[in-house]
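Reading the structure
Okay, here's what each chain looks like letter by letter:
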Amino acid sequence: MQVADLARSTFYYQRRAMQRTDKHGDIKAQICAIYTEHKGRYGYRRIAAALCNALAQPVNHKRVQRLMQQMGLRSLIRAKRRYRRPHGLSDVCVPNVLQRDFCATISAQKWVTDITEFNVKG
């Protein structure tokens, strides 16, 4: 132990640690299976939920997150789509019929809404 400048106990501890099996090996295999089944779209929360449904005992989401980080698995982050108006169209060509006069003499005479963009996820 003089060559490596290590304590004797540290050497034997590390030698024994290298011989130990991975205690999270079965969970890691299931995480990889779920991750590849869903083409990398599932994050740690959804994988933890899927594991809780598959296993008899619950698995903490923090453990799943830590194991995914160790294995280098990251979920795909889809870019948000931006609204792109077709070329040649603009709001100038839409006539302003109401001229900001929103008062009506009878009910259901004037119906107005703004439908420029509906942001619906998925």
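In what follows, the structure referred to is the one given above.
Notes on the structure in this doc start here.

Quick notes on the rules
Residues numbered from 1 in each chain as written. Predicted model: local features only at pLDDT ≥ 70, side-chain atom pairs only at ≥ 80, totals over all residues. Heavy atoms only, no water. Axes fitted to C-alpha atoms, helices over the stretch in contact; angles between N-to-C directions. Helix = DSSP H or I, 4+ residues; strand = E, 2+ residues; numbered from the N terminus. Parallel < 35°, antiparallel > 145°, perpendicular 65-115°, else oblique. Left-handed = near helix turned anticlockwise from the far one by under 90°. Contact = heavy atoms within 4.5 Å. Patch = residues over 30% accessible without salt bridge, like charges linked within 9 Å, V, L, I, M, F, W, Y side chains within 5 Å. Areas by Shrake-Rupley, 256 points an atom, 1.4 Å probe, with all protein chains shown as cover. Salt bridge = Lys/Arg side-chain N within 4 Å of Asp/Glu carboxyl O. Core = buried A, V, L, I, M, F, W, Y, C linked by side-chain atoms within 4.5 Å. Buried < 20%, exposed > 50% of the residue type's maximum accessible area, 1.4 Å probe, protein only.

A few words now on the packing of helix α3 (residues 44-54) against helix α4 (residues 61-71). For any two helices packed against each other, one specifies the inter-axial angle together with the distance between the axes. At a closest axis distance of 9 Å, the pairing of α3 and α4 adopts a crossing angle of 120°. Here α3 is positioned oblique relative to α4, judged by the angle of their axes. Seen from above, α3 lies across α4 with right-handed handedness. Of the residues in α4, those in contact with Y44, I47, A48 and L51 of α3 are H61, V64, Q65 and M68.

Where nonpolar side chains cluster on the molecular surface, the patch consists of L6, F11 and Y12 and spans about 250 Å² of accessible area. On the secondary structure map, L6 appears in the segment before α1 (8-19).

A few words on the nonpolar core. In terms of nonpolar packing, the biggest core is built from 14 residues, with I31, I47, L51, V64 and M68 touching the most fellow members. Looking at this core, the elements that each hand over two or more residues are α2 (25-37), α3 and α4. With near-sequence residues (within four places) excluded, I47 lies in contact with I31, I34, Y35, Y42, V64 and M68.

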